[in-house]
Each structure stands twice: as structure tokens, then as C-alpha cells.
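Listed below, chain by chain, are the residues.
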Amino acid sequence: MADSDCIIVHEQVVVPDAAVVEEMVALPGEKGDKGDPFTYDDFTPEQIAELQRPATEAAEVANQAAENANKATSDIKALGVKLTAEEAKRESAESSRASAESERAEAEFQRETSFSQMQTTLEGLITDTRTATSNANTAAGNAENAATAANNSATLANEAADKANQAAQNVDGRVTALEGKASEVYENYDAIEASGETNPNKIYIDGETLHSYVYKNGEFVPFSGQEDGTISIQRCIDLSEFGSSVTGVYRFDDTGYYIITKNNFTKTDLYFKKIYTVNISNTSNRNESGVMRNVLCKIGNKIFFAACWFANPVYMYDEETSEGKYLDNPEGLQHYGAVYAYDNKVYYFHRYNKPHIYVYDADGNLVTNKAYDYKYIKITDGIAFTKDGYKVNLEDLTFEKLTFPNLEENINLLYVFSNGNMICHMSNISNKNNTTSYNFGDIGNVQEYGYCINVDDRLTVAFTPNGKYVFRYPYGILNSTFRGVDADIVSQNNIWRQTNYKNFVYSTTGGNVLIIEDVSRYDTN
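Remember, it's a predicted structure, so these values are computed and weren't measured experimentally.

Thresholds applied
- Residues numbered from 1 in each chain as written.
- Predicted model: local features only at pLDDT ≥ 70, side-chain atom pairs only at ≥ 80, totals over all residues.
- Heavy atoms only, no water.
- Helix = DSSP H or I, 4+ residues; strand = E, 2+ residues; numbered from the N terminus.
- Buried < 20%, exposed > 50% of the residue type's maximum accessible area, 1.4 Å probe, protein only.
- Contact = heavy atoms within 4.5 Å.
- Areas by Shrake-Rupley, 256 points an atom, 1.4 Å probe, with all protein chains shown as cover.
- Polar contact = N/O pair within 3.5 Å; in protein donor to acceptor, adjacent residues only side chain to side chain.
- Pairing = 2+ DSSP bridges.
- Phe/Tyr/Trp six-rings, centres within 6.5 Å; stacked < 30°, edge-to-face > 60°.
- Patch = residues over 30% accessible without salt bridge, like charges linked within 9 Å, V, L, I, M, F, W, Y side chains within 5 Å.
- Salt bridge = Lys/Arg side-chain N within 4 Å of Asp/Glu carboxyl O.
- Axes fitted to C-alpha atoms, helices over the stretch in contact; angles between N-to-C directions.
- Core = buried A, V, L, I, M, F, W, Y, C linked by side-chain atoms within 4.5 Å.

A. Examining the overall build of the protein more closely. Summing up its helical and strand segments, the protein has 4 helices and 35 strands in all. Buried positions account for 44% of the 525 residues belonging to the protein. Excluding contacts between residues fewer than 6 apart, the proportion of contacts in the protein whose partners are at least 24 apart in sequence is 47%. Surface accessibility of the protein: about 27,400 Å² in total, with carbon and sulfur atoms responsible for 47%.

So, in C-alpha cells, the structure goes:
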């Protein structure tokens, strides 16, 4: 190689080091004529191959993009059967694939143009090669996006199919009625009348009021369970699909029901169609803790559950984020207690082993941790009290001793209502302002297995092992008491838990049946 020779390598000109000479002389001379442009003959086969290498690599990338685009086409066709409900999105994916194919073809065209019209300068050839490579990469990326869009459409289609299947499984079959009558829930009473139905052996249920009707003598008339009206059951719901042992049903508003088993709780709509289930072991089935122990409350979209599973007394579930957590338990409380929502706070009253109070804010942060010396606390009608007869101020958690005229020291206070009336064990009832007490004896033995509800401050309906009893206000043996004689088809001792929403009482039996009753019907005045 002569001293002035050079090698042209991709994007670089390499000039070998000059030969060492002992003397260099610069001689003036005239500028020569401009040489001829480079031709293919000026380059060796190896140099031509090196110059062509970027375009060759671009061709490989373009071919790979073509394979990706073709694969996307095959995937989209294979998913065609499942994408009927998502046809619009599939068409969008197909459009993206076609666009990618067009860009790939354009890249291929530019690659071929670069070879057929090779620039006479090295810089021009490199620029064209870079452009072809960039376009090919873009085409490959668009093809990948098309495949991703197709996959997303398939996922949405599958989710829609799953929801449809779930709706089909949950529709109908859950509402049963007494005496073998078929039943059906309608949106409201107007919908019942507009149905055109005239079946006298069918129960028609108003979905707004939960009132039941039968078709009789050319019109829809209220139905209470039997033709003589002695059975006070309004609706019976089979709960077996929610688990082998349902321990309670709660309703807080018009969004639906919360159904509890010892392994989970499930949110349903007002027609008992499942919305979600939270799997969480709990002690809601502990008899010794009192079957009427309140285990669920709600603030906004947050559910608070007295799970009381070993050292985890309270669990909070956020319905908006679908996230849950156990709340702080600095005292290491175990086994069981009750939980209530009041004034945008959550009160946990521990029962097992020692009495204790935790108060949490609406976000589940522990704000109060307090021990006390009395028996366990309940809240009814927003009034907090202890079983041994103390009223609890929820603002500062102080205790005030209540008085019960004509009663022994063994108070066993079970219910305190907002109008001031109170009910103790064996139906000892104290009237307004707690000035007089009445002992109704065994006729209304409420105990821990009983349940009482205050109806519009006019009467108390008590569910007892001896039947249902109605006590009117003000209480009095001679002029103001009414002892209900309703026949019960379910023994109170077979009730797991009773709750209420407004004037509706929800009784969950040991046989996995929910009994819903509107007790306002007892207010006949």
C-alpha cells in the first residue's frame, strides 16, 4: 500500500500512519484537474459489501416486521369468534395492523430505492440507510401494538362473558314463599299491577317496600303468610348459596345486603345477587359471645367487621379500592367483641376476658384506647349502655349509673331506646324518664337470644322464645300493654342473629333461611 492510500470503512475514513522519512521537502506545484466520480469499479467487493451492510440489516428488520405483522393477522383471525361483543375494538385493531403493513411496505420501498439509486457520496448512502432502518423499526412497533390491541379486546370479551355467566347463575331461584306458593319480586307495586298476572297461587313482592301481595277477587291484596294472617312472615330467602352456615344479614342503606358466614362476608344487591365476597375467618358463630352481638357496621364506602380472629379484632374493607386490612390492636385483645358506627367513628367494645374500648376514625386509625370496669357495652338507637345498667357517654367515654324502680340489683339491661324506654331480662321494662318499671314475667323473656325493636317511639316489638310480644308506650299493666299472640313457625332459639333496617327485621335461622318482616304492621293506631 502506498503512503497516500486510505481505506474507507462504514462512516469512517482510516488513513494509515505516514511512513517515517528522514527528510521532507514541500515543493510548490499546480493544482491538478478534478478527478472522476467514484464508481463501483473503484471499490473492492469487500468494500461494496461493507457499504451495503446497513441496508442489508434494515432489510432483515423489515422482514421481521413483516413476520410480526403477519402473526398479528393470524392472532386477530383466531380471536374473531370470541370478539362479537367487541367488534368495534377488533376493527380498530385490524386498522392498526393494516397501517403497520403499509408502513412496512413503505420501508421496503425505500430500502429498494436506496439500492437502485445509490448515492455517489458515502454521507448520502448512510442517511438513506438510517431512514430505512427507522421506518422499519416503527413498522415493527406498530405491528406489536396491533397485536396488543387484539389481545386486550379478547380480554374484554372474556370478562364480559364471565359477567354474563355470573348474572345468569344468580338470576331467580332465591326467593321462596310459605305454603309452597311460588313468588316473584317486582320493581314496585305499579309493576305488579302492570304485569297482567292473575295467578291466585303466586306471591307478588313489591321490591321497593318488600310488601307481599296475592291476587284475590280480581285485585292484589296484602299477604301476610296465610289466609288468616296469623303467620307474621313477609319473605323467606334461601341463603344456602352463600355458605353452609350463614350467621347474619345486615342492611344499612339501599345499596344491598351484607351476608356473613364464619369464613367470609358477601355484598349483594337488593335482589340478593352477589356483588363481591371478602374471604375472612371470624367468630360470628360464637354462641357464648351473645348471638345478638353486632359484628358489622358501615361508614361511607368502608365496612368494619368485628372478625375477632385471635389477635385481630377489627377488619376494615374499602368498597371503592377493594382493599382491606386489620386495624391496630395494641392491647392484644382476642376472640370476640362488638362493633358500631356512631358520629363518623367506629366503636369496638371487647367482651372476651376483659372489657375494653377501641375507637377508630372513618379511615381506620386508632384514636382512643380505654379500659373500663363494667360489663360489656351495646348501642341501640344511638344510645350506649352497659349490661349492668350504666349509660355511656360516647363523646368522652364516661359512665352514668341508671336507676330501675322495683327491680333487683341484677339488672341485665338489654335494650335502651332513644325515647328513654329500657328493656331488661325477663321483660322488665322501664317507662319514659325511667320513673316506673313493669315486670311482665315469662311472657316476654328476651334474654340474649331475644331481639327488640323500637317502632316510631310508639311501641316495642320483642322476639322471644315464647313468641312475639308488642309493648305499647307508655307501659302499664292495665291500660297500655298489648301481648301479641302471633304464631311463630321458627323457634327463637333457632335464630343465629337478628338485625334491622328501619322497621324491617332480618332474622337468620340455623337452617340458612332469612326471614324478613315489617314490624310496623303492629302499630294499628
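Here the narrative resumes.
B. Quick look at the environment of threonine 247. Its place among the elements puts threonine 247 in strand β9 (residues 246-250). Overall, the relative accessible area of 0% leaves threonine 247 in the buried class. It is 9.7 Å that separates the C-alpha atoms of threonine 247 and threonine 283, two residues lying 36 residues apart in sequence. Discounting residues that sit within four places of it in the chain, threonine 247 has contacts with Ile260, Thr261, Ser284, Asn285, Trp496, Arg497 and Thr508. In terms of polar contacts, threonine 247 uses its side chain to reach the side chain of serine 284, at 2.8 Å.

C. Expanded view of the pairing of strand β10 (residues 257-261). Across the 5 residues that make up β10, a large majority, 5, are buried. Going residue by residue along β10, you find Tyr257, Ile259 and Thr261 tucked away on one face and Tyr258 and Ile260 tucked away on the opposite face as well. Adjacent in sequence and paired antiparallel, β9 and β10 are bridged by 6 residues, among which glycine 256 carries a positive phi angle near 140°. In this sheet, strand β11 (residues 264-268) lies alongside β10 in antiparallel orientation, the contact comprising 4 bridges. Bridging across to β11, isoleucine 259 finds its partner in threonine 266. Connecting β10 to the next strand, β11, in antiparallel fashion are 2 residues.

D. Main features of the environment of aspartate 328. As for its position among the elements, aspartate 328 is in the loop between β16 (323-326) and β17 (337-342). Remark: the alpha-carbon pair of aspartate 328 and valine 314, spanning 14 residues in sequence, is separated by 8.1 Å. If near-sequence neighbours (up to four positions away) are discounted, aspartate 328 is found in contact with Tyr358, Tyr360 and Leu366.

E. Molecular detail of the packing of aromatic side chains. Taken as a whole and judged by the stated rule, the model has 25 aromatic pairs. With a centroid separation of 5.6 Å and an interplanar angle of 50°, the aromatic rings of phenylalanine 252 and tyrosine 258 are classed as tilted. Residues tyrosine 374 and phenylalanine 399 carry aromatic rings whose centres are separated by 4.8 Å and whose planes lie at 50° to one another, so their mutual orientation is tilted. Of this pair, tyrosine 374 sits in the loop between β20 (366-371) and β21 (377-380) while phenylalanine 399 is found in strand β24 (residues 398-401), placing the two residues 25 residues apart along the sequence. Owing to a relative accessible area of 28%, tyrosine 374 belongs among the partly exposed residues under this scheme. Judged by relative accessible area, which is 22%, phenylalanine 399 ranks as partly exposed. Taken together, the aromatic side chains of Tyr186, Tyr204, Tyr215 and Phe220 make up a single cluster linked through ring pairs.

F. A nonpolar patch on the surface, seen in detail. A surface patch of nonpolar side chains, about 300 Å² in accessible area, is lined by Trp309, Phe310 and Tyr326. On the secondary structure map, tryptophan 309 appears in the loop between β14 (302-305) and β15 (315-318). Under the relative-accessibility criterion, tryptophan 309 is labelled partly exposed at 34%.

G. Focus on the environment of lysine 370. Here lysine 370 shows up in strand β20. Note: C-alpha distance between lysine 370 and leucine 397 (27 residues apart in sequence) is 8.5 Å. The residues touching lysine 370, leaving out its near neighbours within four places in the chain, are His356, Ile357, Leu397 and Phe399.

H. Structural view of the sheet that holds strand β13 (residues 296-299). A sheet is described by the order of its strands in space; here 4 strands give the open sequence β13-β14-β15-β16, paired in antiparallel fashion. Two strands close off the open sheet at either side, each with one partner strand: β13 and β16. Taking each pair of neighbouring strands and ignoring which way they run, the sheet shows an average axis angle of 20°. Here β14 runs beside β15; their pairing, made up of 4 bridges, is antiparallel. Counted as the bridge partner of lysine 302 is aspartate 318 from β15.

I. Representation of the nonpolar core in the model. Counting residues in hydrophobic clusters, the biggest one holds 30 residues, and the most contacted among them are Phe265, Phe304, Phe305 and Tyr348. Looking at this core, the elements that each hand over two or more residues are β10, β12 (274-279), β13, β14, β15, β18 (345-350) and β19 (356-361). Excluding anything up to four places from it in sequence, phenylalanine 305 contacts Ile260, Phe265, Ile280, Asn282, Val295, Leu296, Pro313, Val314 and Tyr315. In this structure, Val455, Leu459, Ala462 and Val505 belong to the second largest nonpolar core, which totals 21 residues.

J. Main features of the side chain of asparagine 294. With respect to the secondary-structure elements, asparagine 294 resides in the loop between β12 and β13. Judged by relative accessible area, which is 17%, asparagine 294 ranks as buried. A polar contact of 3.4 Å, which involves the side chain of asparagine 294, links it to the side chain of tyrosine 250. A polar contact of 3.1 Å, which involves the side chain of asparagine 294, links it to the backbone oxygen of leucine 296. Not counting chain neighbours up to four residues away, the residues in contact with asparagine 294 comprise Tyr250, Ala306, Gly337, Ala338, Val339 and Tyr340.

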